Amino acid sequence: MARQRYPTLLGALLSLLGVSGVHGAPKPRQSNEGIDPKLLSGPEDVAEEYDYIVVGGGTAGLTVADRLSEDGDHTVLVIELGAYDNSSSVTTIAGGAGGLSNRTHLFSFPSSPQEGLNNRTTAVIGGVMLGGSSGVNGLQVHRGHKDDYNRWGAFFSDESEWSWDGLLPYFKKAWNFHPPNEDTAEALGIKYDASYWGDTSGVHASFPTFNWPGLKIEIEAFGDIEGVELPEDSGEGSPGVYWYPTSADPVTATRSMSRNGHFDGIDRDNYKVLSEHRVLRVLFDEEDMASGVAYVPRGAVDDSEVRSVKARKEVIIAAGTIHTPQILQGSGIGAADLLEAAGIEVVVDLPGVGWNLQDHPLGGGASFELTDFPVSPQPSDLQSNASFREAAQQEFKESRSGPLTIASGNAACFLPLAVIAPSTFESIASRYESQDPAAYLPADSPPTIVAGYAAQQKAMAAAMRSRGTAHYNLFLRGGGTEGAIVYLHPVSRGTVRLDPSDPYFSEPEVDYRALSNPADLEVEVEFVKFTRRYFTETRMADYGAVEARPGGAVRTDEEMAAYARANVSPSTFHPVGTAAMLPRELGGVVDEGLRVYGVKRLSVVDASVMPDLPGAYTQHTTFAIAEKAADLIKARA
Ligand SMILES: Cc1cc2nc3c(=O)[nH]c(=O)nc-3n(C[C@H](O)[C@H](O)[C@H](O)COP(=O)(O)OP(=O)(O)OC[C@H]3O[C@@H](n4cnc5c(N)ncnc54)[C@H](O)[C@@H]3O)c2cc1C
Ligand SMILES: *[C@@H]1O[C@H](CO)[C@@H](O)[C@H](O)[C@H]1NC(C)=O
Ligand SMILES: *[C@@H]1O[C@H](CO)[C@@H](O)[C@H](O)[C@H]1NC(C)=O
Ligand SMILES: *[C@@H]1O[C@H](CO)[C@@H](O)[C@H](O)[C@H]1NC(C)=O
Ligand SMILES: *[C@@H]1O[C@H](CO)[C@@H](O)[C@H](O)[C@H]1NC(C)=O
């Protein structure tokens, strides 16, 4: 039987990305009766006032809500657009594509046409449910590298606690780590060092009980490339090739997410959630103090059912990178010209809101089919070998173990540009560094935005030269067709802007501006070359690697660049940066305390505050930021 062309998750990603999704029809309200006493049955149960209102019960939102309410004293209300759902479409981990193959809990709408990608449009996607994107994601758990977090603090000062050292306690607090079983670790050479992890969180990071033997060979083959490191643990903050865990409970082998770690089973009167309601805007008193929020039922198309609720201490926004800027702009915080065009009264002229959008471009490089890989079993056996599949299903049913405990993968390389492109990285960095910082930003970028990009440009040029920053990510499957490549540190910057003709009830305009900076195209060209090198010039060459994409006809740099423009997707669903934690004069939206500039008692705690992407997928970092945010907010209570 023919091998599957793409891995399960990648297949789901590519099929989604090829299509422009449309905003799903409003779902009928479900009854929250009997689910959990913290879940309100409707707005009639909402009190007049709470200490804290959290907007969005996603990854960061529920983490913060749990921590702020754990003293049993401070009252917290979370308002979440999506529903509570613990059915198997959410909890099943096998393949890691659950949330993508069933779109019930996704928003999905078309991006602006991407000029850098031949004007293609792709679907903007994220989770809409109690648990947010942690309920639909691919379950890979990895944090970025020391450089990534030190770079954030350096935008403020050398003393900033937004640094690797400052975040490490929160990386540990965020996850309850379970090491791999000894047999699997021994057989596959899985290394780990539990000292980089904690064991107190209700959110679990664990290893599947089984993994594909081909991974060992694929990892070892990286040793044939000069400069590739093999760190002891994914959590140590160093680029290289390593194993990492899955966000799953090891006992039940089901998805672990913010909802089951920070909501389910918590018995607390001062913690409430209103699901299936959308926050439209933050309300302010005459001193520009956030005093509450206005919200409507999920399916509302106008203001007719609007209600409001007051916050005594703080309004905390955690609606995710795509919707947090929409809510801020809709509340009068954003670029004055945009707000005026939408007829919204300006509370603070803060042009950084919605600027600085970044995501990991996906699908560049090359892919290869290993036609003579002498290991068994391989991932494709789950599709093509009925007796293997049945045995796997039986094993899972009986003991929650075996191949169906693998989500979307547990091993990958995270490699510096200097390692994948040793002869060109310096010239790429120099050309990038000498650009006029305004040259590739939107033409109307305000001065603070340009100043902020100039600072980022310096930092990103240093990152291109550093062996402590990873640019290239290839996630490994253990056989079949390999080549899911993610670009970890793009330098193009996009925008999220509310729709001036319908600011509150229509999705915002999302323009990733992917590959708008020519440096990103140069890096993508190197990705093609390096991927070919890995499959044909290391011991991988022994396994009949046949190039599937882009194919032998693509040879020159120009052809590789054209291939990237025609094939790269702007998103791996890891958007960050639209409410960036940066100094205000550098286009920042929040300060180091995550407070929004220019108003009082309003903070942002989700992935949108990251000033630039970590060299990793974003859930681990988002959970760590939320844990730190809770401590910052408590300290000013
Ligand atoms: C398909 C997919 C696969 C991914 N795979 C991985 C992976 O394997 N590994 C990894 O590390 N990361 C992965 N990620 C990324 C990671 O899950 C996210 O970066 C992270 O969960 C974002 O957390 P957040 O708190 O910023 O936003 P979210 O968790 O998305 O939470 C935002 C919440 O706000 C709600 N909301 C939005 N607007 C409103 C409003 N107006 N009123 C009320 N509520 C509102 C939403 O419904 C949502 O629940 C993936 C993401 C997706 C979507
Ligand atoms: C959610 O479903 C999982 C898997 O079926 C189960 O183990 C867990 O107890 C459920 N949680 C709740 C709160 O019902
Ligand atoms: C998708 O998920 C929803 C909600 O969990 C569920 O009701 C539905 O049956 C699922 N659809 C499929 C095809 O699995
Ligand atoms: C993309 O669209 C823009 C604006 O309409 C146009 O100027 C440009 O030529 C188009 N590019 C391609 C490659 O089609
Ligand atoms: C199918 O799986 C079974 C059970 O794991 C194995 O014994 C057999 O060799 C496999 N068949 C093929 C053709 O790979």
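Residues numbered from 1 in each chain as written. Chains lettered and ligands numbered in written order. Predicted model: local features only at pLDDT ≥ 70, side-chain atom pairs only at ≥ 80, totals over all residues. Heavy atoms only, no water.

Taken as a whole and assessed by the stated rule, the structure comprises 22 aromatic pairs. Between Trp 212 and Phe 388, the aromatic rings sit 6.1 Å apart at their centres with planes inclined by 40 degrees, giving tilted as the arrangement. You can see Trp 212 sitting in the loop between strand E6 (204-205) and helix H8 (214-222) and its partner Phe 388 sitting in helix H13 (residues 386-399), a full 176 residues away along the chain. Given the relative accessible area of 18%, Phe 388 is considered buried. Counting every residue linked through ring pairs, the aromatic cluster contains Tyr 149, Trp 152, Trp 164 and Phe 171. Positioned over the ring face of Tyr 504 is Arg 281, at 4.8 Å from the centre of the ring. (Phe/Tyr/Trp six-rings, centres within 6.5 Å; stacked < 30°, edge-to-face > 60°. Helix = DSSP H or I, 4+ residues; strand = E, 2+ residues; numbered from the N terminus. Buried < 20%, exposed > 50% of the residue type's maximum accessible area, 1.4 Å probe, protein only. Lys NZ or Arg CZ within 6 Å of the ring centre and 35° of its normal.)

The residue Trp 355 is located in strand E16 (residues 355-357) in this model. Spatially, the C-alpha atom of Trp 355 lies 11 Å from that of Ser 492, the residues being 137 residues apart in sequence. If near-sequence neighbours (up to four positions away) are discounted, Trp 355 is found in contact with Leu 441, Pro 442, Ser 445, Ile 449, Tyr 453, Gln 456, Arg 493, Gly 494, Thr 495, Gly 577 and Thr 578. (Contact = heavy atoms within 4.5 Å.)

The environment of ligand 3 is made up of Asp 85, Ser 87, Ser 89, Asn 102, Thr 104 and His 105. For ligand 3, an oxygen atom lies 2.5 Å from a polar atom in the side chain of Asp 85. In this structure, an oxygen atom belonging to ligand 3 sits 2.8 Å away from a side-chain N or O atom of Ser 89. When isolated, ligand 3 has an accessible area of 360 Å², and the protein chains bury 38% of it. When grouped by side-chain class, the residues that make up the shell around ligand 3 number no nonpolar, five polar and one charged. (Near = heavy atom within 4 Å. Polar contact = N/O pair within 3.5 Å; in protein donor to acceptor, adjacent residues only side chain to side chain. Areas by Shrake-Rupley, 256 points an atom, 1.4 Å probe, with all protein chains shown as cover. Nonpolar A, V, L, I, M, F, W, Y, C, P; charged D, E, K, R; others polar.)

The sites that UniProt annotates as "binding site: FAD" (unreviewed entry) are Val 279. Note that Val 279 resides in strand E11 (residues 277-284). When its relative accessible area of 8% is taken as the criterion, Val 279 is described as buried. Aside from chain neighbours lying at most four places away, what touches Val 279 is Val 55, Ile 79, Val 293, Ala 294, Tyr 295 and Ile 327. (UniProt positions renumbered as here; feature names shortened; annotations may be inferred.)

We now examine the pattern of salt bridges. Pairing is possible between side chains that carry opposite charge, provided their charged atoms lie close to one another. Enumeration according to the criterion identifies 24 salt bridges in this entry. The closest approach of N and O atoms between Asp 51 and Arg 312, which form a salt bridge, is 2.9 Å. Placement of the pair is Asp 51 in strand E1 (residues 49-55) and Arg 312 in strand E13 (residues 307-317), with a sequence separation of 261 residues. Residue Asp 51 is classed as buried on the basis of its relative accessible area, which comes to 9%. A residue is classified by how much of its surface remains accessible, and Arg 312, at 38% relative accessible area, is partly exposed. Between Asp 591 and Arg 595 there is a salt bridge, and its shortest N-O distance comes to 3.2 Å. By relative accessible area, Asp 591 is classed as buried at 18%. One connected set of salt bridges, linked through shared partners, spans Arg 67, Glu 70, Glu 627 and Lys 634. (Salt bridge = Lys/Arg side-chain N within 4 Å of Asp/Glu carboxyl O.)

Okay, the domain arrangement of the protein chain next. As assigned here, the protein chain comprises domain 1 (2-138 + 258-357 + 575-635) and domain 2 (161-253 + 360-381 + 408-493 + 511-567). On a C-alpha basis, the centroid separation for the pair domain 1 and domain 2 is 27 Å. Counting residues at the interface gives 60 residues for domain 1, matched by 59 residues for domain 2. Taken together, the links from domain 1 to domain 2 amount to zero salt bridges. Contributing elements (two or more residues each) for the side of domain 1 that touches domain 2: helix H1 (8-18), strand E4 (123-127), helix H9 (258-262), E16 and helix H19 (619-635). Per element, the largest residue contribution to the side of domain 1 that touches domain 2 is ten residues, and it comes from H19. For the side of domain 1 that touches domain 2, the per-class residue count stands at 27 nonpolar, 22 polar and eleven charged. (Domains from an automatic or database assignment.)

Attention shifts here to the nonpolar core. Side chains of nonpolar character tend, in soluble globular proteins, to be buried together. Formed by 71 residues in total, the largest nonpolar core has its most connected members in Phe 222, Leu 415, Tyr 472, Leu 474, Tyr 534 and Met 540. The leading source of residues in this core is helix H17 (residues 518-537), at six residues. Residues from two domains meet in this core; each of domain 1 (2-138 + 258-357 + 575-635) and domain 2 (161-253 + 360-381 + 408-493 + 511-567) gives at least three. Once you skip the residues sitting within four places of it in the chain, Leu 415 turns out to touch Phe 222, Val 228, Gly 240, Val 241, Ile 420, Ala 470, His 471, Tyr 472 and Phe 530. Membership of the second largest hydrophobic core comes to 70 residues, among which are Val 54, Ala 318, Leu 350 and Met 581. (Core = buried A, V, L, I, M, F, W, Y, C linked by side-chain atoms within 4.5 Å.)

This part is about the sheet that holds strand E23 (residues 509-511). Taken in spatial order, the three strands line up as E16-E22-E23 in an open sheet, and their pairing is antiparallel. What marks the edges here is a single partner per strand, and that holds for E16 and E23. Strand after strand, the sheet turns through a mean of 35 degrees between neighbouring axes, direction not considered. Across two bridges, E16 lies against strand E22 (residues 494-497) in antiparallel orientation. Bridge pairing in E22 places Leu 357 opposite Gly 494. (Pairing = 2+ DSSP bridges. Axes fitted to C-alpha atoms, helices over the stretch in contact; angles between N-to-C directions.)

Moving on, we get to the sheet that holds strand E17 (residues 367-370). Read from one edge to the other, the open sheet built from three strands follows the order E20-E17-E24, with strand pairing classed as antiparallel. Two strands in the sheet have a free side with no partner beyond their single neighbour: strand E20 (481-482) and strand E24 (545-549). Bridge count between E17 and E24: four bridges; the pairing is antiparallel. Residue pairing in the sheet places Ser 367 in a bridge with Arg 549 of E24.

In terms of residue burial, E1 counts as a mostly covered element, since six of its seven residues are buried. Alignment of E1 against E13, held across six bridges, turns out to be parallel. Across the sheet, the residue bridging to Val 54 is Ile 316, located in E13. Here four bridges tie E1 to strand E2 (residues 76-79), and the two strands are oriented parallel to one another. Each residue of the ladder has a partner; that of Ile 53, found in E2, is Leu 77.

Time to look at the side chain of His 142. By the secondary structure assignment, His 142 is in the loop between E4 and helix H5 (146-154). For His 142, the side chain forms a polar contact with the main-chain nitrogen of Tyr 617, separated by 3.3 Å. Sequence-distant contacts of His 142, defined by excluding residues within four places in its chain, comprise Tyr 244, Phe 414, Ala 616, Tyr 617 and His 620.

Let us look at the environment of Tyr 149. Along the chain, Tyr 149 turns up in helix H5. Owing to a relative accessible area of 0%, Tyr 149 belongs among the buried residues under this scheme. Setting aside residues no more than four positions away along its own chain, Tyr 149 makes contact with Arg 143, Gly 144, Trp 162, Ser 163, Trp 164, Leu 167, Phe 171, Pro 614 and Thr 621. Polar side-chain contacts of Tyr 149 include one of 2.8 Å to the backbone nitrogen of Gly 144.

Here Ser 376 and Pro 377 are connected by a cis peptide whose omega angle stands at 0 degrees. The residue Pro 377 is located in the loop between E17 and helix H12 (381-384) in this model. Pro 550 follows Arg 549 through a cis peptide bond whose omega is -10 degrees. Mapped onto the elements, Pro 550 comes out in the loop between E24 and helix H18 (557-567). For Arg 513, which is not glycine, the phi torsion reads 55 degrees and is therefore positive. Relative to the helices and strands, Arg 513 resides in the loop between E23 and H17.

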